[in-house]
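# Structural characterization, general
Read off the chains here:
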Amino acid sequence: MRPEPGNGQTLAAARALGIAAIGAPLFAVEPTDWTVPDPARFAGILAGSANLFRHGGPGLAPLQTLPVHAVGEQTAQAARAAGFAVASVGEGGLQSVASTLAPGRYLRLSGADPVALTLPEGIHVETVRLYAAKALPLSPAAQDVLRAPCVVALHSGEAVRHLAAECARLNLPRGAIRLACLAPRIAEIAGPGWETVEISAMRNDQPLLALARQMCKNP
């Protein structure tokens, strides 16, 4: 249920594992107007999504002098493709990346609703929002799948929140839906009422899809 182009990438990886998967993006990512800050004020960029570099536009060019601290390898790849040098790549979410930064002021590039971070002493972060995610209705094909026992792979808390709202709007029972969550925060936001809620061992597609496949095999 990821926005494109990530949705297509996850679908391809799922099908390579033998999972009968369909795509139903819950959001469309759109760029927003933003003001480019003075890069001289910052020690680096804190990046939590590849969408930053896909939708940041020409305003990114003046910031290319700053090293990027990326939440994961996919974000790091997008940063490099946009002409940035990557100083570090995390594995456990943006909070873990922020916890390893050297003291200084950092520029956090984000979407419209960034996850709150607890910053170590000596770390200061200024946030600039580059894009927004427009919520989409569940497609008829997705509605058909969700009416039968199924597994849903979820990559964000916003996705599970919107999925829950769509299930309520369309009168789709949660009791037949099993959730495979990329991170604990997603499972916390999901709340009760689903058949099962499980959490991936690591925050990337391969372990998440391995979990989803196992959940399909063991109803």
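Look up a bit, the structure's there.
Residues numbered from 1 in each chain as written. Predicted model: local features only at pLDDT ≥ 70, side-chain atom pairs only at ≥ 80, totals over all residues. Heavy atoms only, no water.

Right, let's get into the overall build of the protein chain. Looking only at helices and strands, the protein chain features eight helices and ten strands. Compactness check: the protein chain gives a C-alpha radius of gyration of 18 Å against a globular reference of 17 Å for 219 residues, within 12% of the reference. Over its C-alpha atoms, taken along the principal directions, the protein chain stretches across nearly 55 × 30 × 30 Å. Taking all contacts inside the protein chain whose residues are at least 6 apart in sequence as the whole, residues at least 24 apart take part in 56%. A total of about 10500 Å² of accessible surface is found on the protein chain, and carbon and sulfur atoms cover 55% of it. (Helix = DSSP H or I, 4+ residues; strand = E, 2+ residues; numbered from the N terminus. Rg over C-alpha atoms; globule rule 2.2 N^0.38 Å. Contact = heavy atoms within 4.5 Å. Areas by Shrake-Rupley, 256 points an atom, 1.4 Å probe, with all protein chains shown as cover.)

Successive residues of a regular strand alternate their side chains across the two faces of the sheet. Burial along strand 2 (residues 44-47) is two-sided: Gly44 and Leu46 facing one way and Ile45 and Ala47 facing the other are all buried. Sheet analysis places strand 2 next to strand 5 (residues 104-110), joined by four bridges and oriented parallel. Within strand 5, the residue paired with Leu46 across the bridge is Arg108. Strand direction decides the pairing type here: strand 2 and strand 3 (residues 68-70), joined by three bridges, are parallel. Its bridge partner lying in strand 3, Ile45 is registered against Val68. (Buried < 20%, exposed > 50% of the residue type's maximum accessible area, 1.4 Å probe, protein only. Pairing = 2+ DSSP bridges.)

Across the sheet, five strands lie side by side as 4-3-2-5-6; this open sheet has parallel pairing. Looking at which strands have only one partner, the edges of the open sheet turn out to be strand 4 (86-89) and strand 6 (123-129). With strand direction ignored, the average angle separating the axes of adjacent strands in the sheet is 25 degrees. In the packing of helix 3 (residues 73-81) onto the sheet, contacts are made with strand 2, strand 3 and strand 4, and the angle to strand 4 comes to roughly 170 degrees. (Axes fitted to C-alpha atoms, helices over the stretch in contact; angles between N-to-C directions.)

Quick look at the pattern of salt bridges now. One pass over the structure, following the stated rule, counts seven salt bridges. Ionic pairing is found between Arg2 and Asp205, a salt bridge with its closest N-O pair at 3.6 Å. Pair noted here: Arg2 is in the segment before helix 1 (6-16) and Asp205 is in helix 8 (residues 205-217), with a separation of 203 residues, a long-range link. For Arg2, a relative accessible area of 16% corresponds to the buried category. (Salt bridge = Lys/Arg side-chain N within 4 Å of Asp/Glu carboxyl O.)

A separate point is the pairing of strand 5. Within strand 5, six of the seven residues are buried, which leaves it mostly tucked inside the rest of the structure. Looking at chain direction, strand 5 and strand 6 are connected through seven bridges and run parallel. Residue pairing in the sheet places Tyr106 in a bridge with Val125 of strand 6.

Time to look at the sheet that holds strand 8 (residues 150-154). With parallel pairing, the three strands of this open sheet are ordered in space as 8-9-10. For this open sheet the edge positions go to strand 8 and strand 10 (196-199), each flanked by a neighbour on one side alone. Between one strand axis and the next, the sheet turns by 20 degrees as a mean value, whatever way the strands run. Sheet analysis places strand 8 next to strand 9 (residues 177-181), joined by five bridges and oriented parallel. Across the sheet, residue Leu154 finds its bridge partner in strand 9, namely Cys181.

On the basis of relative accessible area, Asp205 is assigned to the buried category, the value being 17%. At 2.7 Å, the side chain of Asp205 and the side chain of Thr10 are in polar contact. Polar contacts involving the side chain of Asp205 include one to the side chain of His155, which spans 2.7 Å. Residues contacting Asp205, with those up to four places away along its chain left out, are Arg2, Thr10 and His155. (Polar contact = N/O pair within 3.5 Å; in protein donor to acceptor, adjacent residues only side chain to side chain.)

Further remarks concern the environment of Arg185. If you trace the backbone, Arg185 turns up in helix 7 (residues 184-190). Sequence-wise, Arg185 and Ser156 are 29 residues apart; in three dimensions their C-alpha atoms are separated by 8.2 Å. Once residues lying within four places of it in the same chain are set aside, the contact partners of Arg185 are Val115, Gly157 and Glu158. A distance of 3.3 Å separates the side chain of Arg185 from the side chain of Glu158, its partner in a polar contact.

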